[in-house]
Amino acid sequence: MSVRLHVNVDHVATLRQARGTTYPDPVQAAALCEDAGVHGITVHLREDRRHIQDHDVERLRKVARVVVNLEMAATEEMLSIAMAIKPTLVTLVPENRAERTTEGGLDVSGSLARVQSLCRRLATAGVGVSLFIDPAEEQIRASKEAGASIIELHTGDYANATTVDARLSELARLAHGAAFGASLGLRVAAGHGLTRSNVGALLAAAPQIEELNVGHAIVADAVMMGMKEAVRAFFDAMKARSTG
C-alpha cells in the first residue's frame, strides 16, 4: 500500500506572524509541496490565530489541487467556518491555548454526543471528518460510533520516547490501534512529531496506516534544503521502512 503524505504548513505561517509581515506565504509553500507530489495540505486554524489565519484557509481552498485538511477545535465558531469554506476534510483536535502544540488526542468517548453532532453536521455539508485520537480502543470505538470515517492516531508519545523500551512500547500501542481501527472499517492516518528518522519504523509496525500528517519536521528541513527537497526527502524516508 502506498502511504499518502499530507504536509502541514502551519509553521510557515508561524514565521510570518513572528514579524507581522506578508511573507513567507503558507499558500505558496503549499503549492511547492503539491509540486513535490504530496497528496494533501493540512492547516490548523487555532482559536487564538497564532499562525494560520482565516484568509489563508480561504485562499488555500480556492487554489489547492489536492486534499485540503482543516484541523480545528470542536467549537461552533470553527464549525461555522468549516461549513462556509467546505474543506475536503476536517480533523477535529483538542485545543488548549496554553499549549505550544497539540498535546494528546481528542477525548471522543468523553464527549461522544458533541462529536457525533459535529460529524453529522459536517457530513451533511459534504465535508469528510477525521478525529485526532490516542491509540486506545475506547477512543477508536467511540470514533466509529461518532460517525467519523478516518482516525488520525496521535504519534507524539512515540516520537518523544527517550528509551528503546518506551519507543517499542509506543510502537506496539500504535500498531494495535491501527489494526483495531482498520478492523472496524475506519481509515487510519497518523501524525505528530514524525521525522525522517522515526517514520520508517512506524510504517513497518503499523501497515494499516494509509496517511501521514507531517508539519514541523518538513518545514524545519525546508529551512536548510528547500520545501520541495524536504518533501522529497520525507517521501524517501517513508519508503525506507525499518523495524529498528
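All values reported here derive from a predicted model rather than from experimental measurement.

Caption draft 1: Structural detail: the sheet that holds strand β2 (residues 40-44). Read around the closed barrel, the eight strands follow the order β1-β2-β3-β4-β5-β6-β7-β8; overall the barrel is parallel. Strand-to-strand twist of the sheet, defined as the mean angle between neighbouring strand axes without regard to direction, takes the value 25°. Note that strand β1 (residues 4-8) and β2 share three bridges and pair parallel. Bridge pairing in β2 links V7 to I41.

Caption draft 2: Local environment of the packing of helix α6 (residues 137-146) against helix α8 (residues 164-183). For the pair α6 and α8, interaxial distance at closest approach is 10 Å and the crossing angle is 25°. When the axis of α6 is compared with that of α8, the two are roughly parallel. In the packing of α6 onto α8, the handedness of the crossing is right-handed. Every residue of α8 that contacts α6 at E137, I140 and R141 is listed here: H176, G177, F180 and G181. For the contact of α6 with α8, the class distribution of residues is two nonpolar, three polar and two charged.

Caption draft 3: Quick look at the pattern of salt bridges. Under the counting rule described, the total for this entry stands at 19 salt bridges. The residue R16 makes a salt bridge to D56 at a minimum N-O spacing of 2.7 Å. Within this pair, whereas R16 is found in helix α1 (residues 10-19), its partner D56 is found in helix α3 (residues 54-63), the two being separated by 40 residues in sequence. Assessed through its relative accessible area of 4%, R16 is described here as buried. Across the salt bridge formed by R141 and E137, the nearest N and O atoms sit 3.4 Å from each other. A residue pair is termed a helical-turn pair when its members lie 3 or 4 positions apart in one helix, as R141 and E137 do in helix α6 at four residues. Residue R141 is classed as partly exposed on the basis of its relative accessible area of 43%. On the accessibility criterion, E137 (30% relative accessible area) is partly exposed.

Caption draft 4: Seen up close, helix α10 (residues 216-225). Burial in α10 covers these residues: A217, I218, V219, D221 and A222. Residues of α10 that are buried in the fold lie against β1, α1, β8 (209-214) and α11 (227-239). Trailing α10 by a residue or two, G226 shows a phi angle of about 95°, which is positive.

How each quantity is defined
Residues numbered from 1 in each chain as written. Predicted model: local features only at pLDDT ≥ 70, side-chain atom pairs only at ≥ 80, totals over all residues. Heavy atoms only, no water. Pairing = 2+ DSSP bridges. Helix = DSSP H or I, 4+ residues; strand = E, 2+ residues; numbered from the N terminus. Axes fitted to C-alpha atoms, helices over the stretch in contact; angles between N-to-C directions. Parallel < 35°, antiparallel > 145°, perpendicular 65-115°, else oblique. Left-handed = near helix turned anticlockwise from the far one by under 90°. Contact = heavy atoms within 4.5 Å. Nonpolar A, V, L, I, M, F, W, Y, C, P; charged D, E, K, R; others polar. Salt bridge = Lys/Arg side-chain N within 4 Å of Asp/Glu carboxyl O. Buried < 20%, exposed > 50% of the residue type's maximum accessible area, 1.4 Å probe, protein only.

That's the geometry; what it means functionally is another story.
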